[in-house]
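Breakdown of the fold
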Amino acid sequence: MTTTTSRHRRLDRVRWWTYLLLGVATVVCLFPLYWMFIVATTDTATATRMPPEVLPGGNFLHLAGLVVDTVPFVQSLLNSLAVATAIGAGQAVLCALAGFAFAKLRFPGRNALFLVVVLTMTVPTQLSVIPQYLIMSELGWVDTLQALIVPGLASAFGIFWMRQHISATISDELMQAARIDGASTWQVFWRIAFPIVRPAAFVLGLFGFVTAWNDFLWPFIVLKSPERYTAQIAIKALQNSYDVDLGLAMSGSFLATVPLVLLFVLVGRRMVAGILEGAFKG
Amino acid sequence: MTATLSRASRAAPPQPGARKIKGVGERLSAYAYIAPFFVVFGVFGLFPFAFTFYVALFDWNPIGDQVFIGFDNFTRMFGDPRFWNAAGNTVSIWALSTVPQLLLALVLAHVLNHARLRFALFFRMSVLVPYVTSVAATAIVFVQLFDRDYGLLNWLLGLVGVEPVDFVQSTWGSHLLIATMVTWRWFGYTTLLYLASLQSLPRSVFEAAAIDGAGPWQRFRHISVPSLRPVIIFTVVTSTIGGLQIFTEPLLIATGAPLTCGAVRQCQTLTLFLYEQGFGQFEFGYGSAVGVALFVMVVAIAALNYLLSTRIKAD
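About the cut-offs
- Each chain has its residues counted from 1, running along the sequence as written.
- Each chain gets a letter, beginning with A, and each ligand a number, beginning with 1, in the order they are written.
- With the structure being a predicted model, the display of local features is reserved for residues of pLDDT at least 70 and the display and counting of side-chain atom pairs for 80 or more, all residues being used for whole-chain, interface and lining totals.
- UniProt positions are given in the numbering used here, feature names are shortened, and annotations may be inferred rather than shown by experiment.
- Here a strand is any run of E in DSSP of at least two residues, a helix any run of H or I of at least four, and the numbering for each starts at the N terminus.
- A radius of gyration in this sense is built from C-alpha atoms; the matching globule rule multiplies 2.2 Å by the number of residues raised to 0.38.
- To assign burial, the other C-beta atoms lying within 10 Å of each residue's own C-beta are counted, with C-beta atoms placed from the backbone; 20 or more indicates buried, 12 or fewer indicates exposed, and intermediate counts indicate partly exposed.
- The contact criterion used is a C-beta to C-beta distance within 7 Å, with each C-beta placed from the backbone.
- The split of the chain into domains comes from an automatic or database domain assignment.
- The nonpolar core is taken to be a set of buried Ala, Val, Leu, Ile, Met, Phe, Trp, Tyr and Cys residues joined by way of C-beta atoms within 7 Å.
- Each axis is a line fitted through C-alpha atoms, taken for helices only over the stretch in contact, and angles between the N-to-C directions span 0 to 180 degrees.
- Each angle receives one of four descriptions, namely roughly parallel if under 35 degrees, roughly antiparallel if over 145, roughly perpendicular if within 65 to 115, and oblique otherwise.
- The hand of a helix crossing depends on one turn: near helix anticlockwise from the far one by less than a right angle means left-handed, and clockwise means right-handed.
- For this classification, the nonpolar set comprises Ala, Val, Leu, Ile, Met, Phe, Trp, Tyr, Cys and Pro, the charged set comprises Asp, Glu, Lys and Arg, and every other residue, Gly included, is treated as polar.
- Known as pLDDT, the predictor's confidence for each residue is given on a scale from 0 to 100.

Per an unreviewed UniProt entry, chain B is named Cellobiose transport system permease protein, and its organism is Lentzea albida. Quoted verbatim from the Sequence similarities (unreviewed entry) heading of the UniProt record, the comment on chain B is "Belongs to the binding-protein-dependent transport system permease family." Under the heading Subcellular location (unreviewed entry), UniProt records this for chain B: "Cell membrane".

Where an unreviewed UniProt entry is consulted, chain A appears under the name Carbohydrate ABC transporter membrane protein 2, CUT1 family (TC 3.A.1.1.-), with the organism given as Lentzea albida. Here chain A is described in UniProt, under the heading Subcellular location (unreviewed entry), as follows: "Cell membrane". You can read under Sequence similarities (unreviewed entry) in the UniProt record for chain A the words "Belongs to the binding-protein-dependent transport system permease family."

Here's what the structure looks like:
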C-alpha cells in the first residue's frame, strides 16, 4: 500500500517544466501591459532607445496632460463608464428576469421561444452595421450613447446562463411556498429568486461591462463628436496625432486600461470562476 | 418553516377560481419578462440582419438616391480584386490566429488541471488579463513592440543578426502581427473554457492512468484531448465566426492608410473592406453586399469546421 501511494505520488507530481510553461505564459500575458506603462511614462527619445528602458520614467503627468489636451479624455472615460455600467447592470437584471420566466413559469410557447433565443446566438449581427446605422439615423440616435446602450441590453447567452442557474438553485417547493404565502410573480422573482442568483447575475454583468468597455466597431461608426467618444474611440483619435509624441496613444491606452485592470484585480477571481462553472461542462 | 407549513396547510385546497386568475397573471408576466429581449433583438439584431439582404440589392447612397439594381452589387463584387484580396487576407489571418491559439489553449488547460499545482488561481487570472485589455490598446502596444526601427522585437532579432522586419508594410508580416494580437487576446479565455471541461472529468481517471504508467504526454493525448472534443468544436466555430469579423486590429496598425490597412491593402480584412465601402465611400448597397458575402462565408466555414471536427471525433 505504502509503495503504491509513493509511486503514485511520484508519477503525479507537478514537473518543473509545468511551472516554466505557465511562467512563460504569465510573462507573455502581462508584459504588453507593463510595456504600455513604460512607454506611457517616458519621453520619445527614451522609449525608442535600445537597449530598452526597463523602469518607468517621470514623464507620466506630462503625457497625461497632453492626452487630455488632445481629446476630451476624462469625458470619454466617463462615457465608457456610463455605457458599460448601463449594459452590465441592464443585462444582469433583464437576463435574470427572462431566465426566471423560462426556468420557472409555465406559459404557452415556452420551449419554442427558448429555442428561438438560443438560435439568435448564431446570427452574426456585426455584419449588419449598415442597416443598424440606418435604423439609428431613423430614430435620431446617431451620435448618442443610447445607440450603444440599448442594443447592448439583449444577450441571448445571458438568458441561457441565468436560466441554467435558476433551474439549478431555485426549487419548485420554494416557488410554491412563496406563492401560497401570497407573493405575486414579480415578488417571487425580485424578493426570492433574484437574491439567490445574484452572484451569477453579477458575473454576467461583469462580462457585459468588460465587453461594452472594450467595444470598438459600433461606437466607431455611430459616435461623431469628440465629447461623445468612448475611451476606445479616444485612443483612435490620439493615434491620429501620432507624430506629436510616440507615447501619446500609449498613454491613452494605458489610462483606458487601468480601470479595467483594477476591476480585474478586485473581481477577476469571480470571472475565472464564472468561466470554469460555465455551460460547457461534460 | 413551521409557520410556512401551517399556513400552507391552511391555504389548501386552493379555490379553483383563484388559481385560474393566478395562471393568467403568471402567463402575462412571463411574456412581459421575456419581451425586452425579443424587442431589442428584433429591432437592433434580426431586422438589420434581414435588411442587409435588401439594401444589398440597391445602389444606396445615404444622402442621395436609392436605386434598385438587382444583383449588380454582387456581380461587381465577384469581379472586384479588392474583395478577393480582402477575402484572402481574412482567411490567412484567421488560420494564423486560430490554429496556434487552440493548440496553446489545449496544452495550458491540461497543465492547469493538475491537482497539485501551486499558485493555480494566479496563473488562471494571469491568462485572462489579455481578455480584459481592449483591442484598441492591444493594437497600440503591439504595433510599437513590432516597429521596424524602435520595436523591441526587431531589437531582439537584431541581437541574433536578423535584419529589421517591417511587419506592418509587408503582407505576411502584417498578417502575423494581427494574428499575434488575436492569439494573445483570446488564448487565455479559450484555455479556461477547456479547463472547465477538463475539471468535470473525475480526478481518479488521471490518477488511475498515472498508476498504470501513463506519462504526461499519454495522459494529455488519450484522456484530456478526447474528453475536450465537444468544447473544441464549439471554440473552433466561435473563433471562426470571430476571426472572419476582425476589424479593429487592421484599422489601427497601418496609421498611414487605416481604412485599407496599408497602401497596397496588404492587411485589409473583409469587415474593414465593408466599413471602407459603407462609411468611407458611402456605398451602403455595395457594403451590404460584402456583409452578405461575409455571412455566407461564416456559415460555410462553420459548417465545414463542424463536419471536420465530427469526422475527427468519429476516428
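**What about the overall build of chain B?**
Within chain B, the secondary structure is distributed over 14 helices and two strands. Relative to the 2.2 N^0.38 estimate, which gives 20 Å for 315 residues, the radius of gyration of chain B is 26 Å and therefore markedly larger than a compact globule would have. Looking at the 315 residues of chain B, the share that counts as buried comes to 43%.

**Observations concerning the overall build of chain A**
For chain A, the count of helices and strands is 14 helices and zero strands. Secondary structure elements of chain A occur, N-terminal to C-terminal, as α-α-α-α-α-α-α-α-α-α-α-α-α-α. Taking 19 Å as the expected radius of gyration for a compact globule of 282 residues, we find that chain A reaches 24 Å, considerably beyond that expectation. Over its C-alpha atoms, taken along the principal directions, chain A stretches across nearly 75 × 75 × 35 Å. For chain A, the residues scored as buried account for 43% of the 282 residues in total. Residue pairs in contact within chain A that sit at least 24 positions apart in sequence constitute 76% of those at least 6 positions apart.

**Some points on the domain arrangement of chain A**
Residue and element names in this part refer to chain A. Partitioning chain A into domains gives domain 1 (14–58) and domain 2 (63–276). Of note, the centres of domain 1 and domain 2, computed from C-alpha atoms alone, are 31 Å apart. Between domain 1 and domain 2, the contact holds ten residues from the first and ten residues from the second. Every element with two or more residues in the side of domain 1 that touches domain 2 is listed here: α2 (16–40) and α3 (44–47).

**Some points on the domain arrangement of chain B**
Interfaces are frequently sized by the accessible area removed from exposure as the parts join. Split into domains, chain B comes out as domain 1 (2–55) and domain 2 (74–314). Computed over C-alpha atoms, the centres of domain 1 of chain B and domain 2 of chain B are 40 Å apart.

**Quick look at the nonpolar core**
Proteins that are soluble and globular tend to have nonpolar side chains buried together. Ranked by internal contacts, the top residues of the largest apolar core, which has 157 residues, are Ala98 and Met162 of chain A together with Ile140, Ile253 and Val290 of chain B. Per element, the largest residue contribution to this core is 15 residues, and it comes from helix α5 (residues 73–104) of chain A. Setting aside anything within four residues of it in sequence, one finds Ile253 of chain B in contact with Ala139, Val143, Val168, Ser174, Leu177, Ile178, Cys261 and Cys267 of chain B.

**Remarks on the packing of α5 of chain A against helix α11 (residues 185–214) of chain A**
All names here are of chain A. As a packed pair, α5 and α11 sit with axes 7 Å apart at the nearest point and diverge in direction by 140°. The orientation of α5 with respect to α11, classified from their angle, is oblique. Judged by the sense of rotation from one axis to the other, the crossing of α5 with α11 is right-handed. Grouping the constituent residues of the contact of α5 with α11 by class yields 20 nonpolar, six polar and no charged.

**Thoughts on the UniProt feature "transmembrane region" (unreviewed entry) in chain B**
Residue and element names in this part refer to chain B. If you check UniProt for "transmembrane region" (unreviewed entry), the listed places come out as residues 30–57, 91–109, 121–146, 176–196, 228–247 and 284–308 in our numbering. For residues 91–109, the helix share is 100%, the strand share is 0%, and the end-to-end C-alpha distance is 26 Å. Helix makes up 75% of residues 228–247 and strand 0%, whereas the separation of the span's terminal C-alpha atoms amounts to 30 Å.

**Here we look at unusual backbone geometry**
Residues and elements named next belong to chain B. Here the phi dihedral of Phe119 falls at roughly 55°; this positive angle occurs in a residue that is not glycine. The class for Phe119 is partly exposed, based on 13 C-beta atoms found within 10 Å. Although it is not a glycine, Phe282 sits at a positive phi angle of roughly 60°.

**Observations concerning the interface of chain B and chain A**
With 81 residues of chain B at the interface, the matching set in chain A holds 80 residues. Here the side of chain B that touches chain A takes 20 residues from helix α2 (residues 16–55) of chain B, the largest share from any one element. Class assignment of the residues belonging to the side of chain B that touches chain A gives a composition of 54 nonpolar, 21 polar and six charged.

**What to know about the environment of Phe119 of chain B**
Following the sequence through the fold, Phe119 of chain B ends up in the loop between α4 (81–112) and α5 (120–132). A sequence separation of 63 residues divides Phe119 of chain B from Val182 of chain B, and the C-alpha atoms of the two residues are 26 Å apart.

**With respect to the environment of His165 of chain A**
All names here are of chain A. Following the sequence through the fold, His165 ends up in helix α9 (residues 156–169). A count of 22 C-beta atoms within 10 Å places His165 in the buried class. Not counting the four nearest positions on each side in its chain, His165 is found in contact with Val197 and Ala200.

**What about the UniProt feature "transmembrane region" (unreviewed entry) in chain A?**
This chain's UniProt record puts "transmembrane region" (unreviewed entry) on residues 16–37, 81–103, 112–135, 141–161, 188–213 and 246–267 of chain A. Across residues 141–161 of chain A, the secondary structure splits into 62% helix and 0% strand, with the terminal C-alpha atoms separated by 30 Å.

**Re the confidence of the model for chain B**
Detailed conclusions should not be drawn from predicted coordinates in areas where pLDDT is low. Residues and elements named next belong to chain B. When pLDDT is averaged along chain B, the result is 87; 91% of the residues meet or exceed 70. For chain B, per-element mean pLDDT is lowest for helix α1 (residues 2–11), which scores 40, and highest for helix α3 (residues 72–78), which scores 97. Note that residues 1–20 has pLDDT below 50 and, in this model, eight contacts with residues that lie over four places away or in other chains. Scored as a whole, the predicted complex attains pTM 0.90, and scored at its interfaces, ipTM 0.90.

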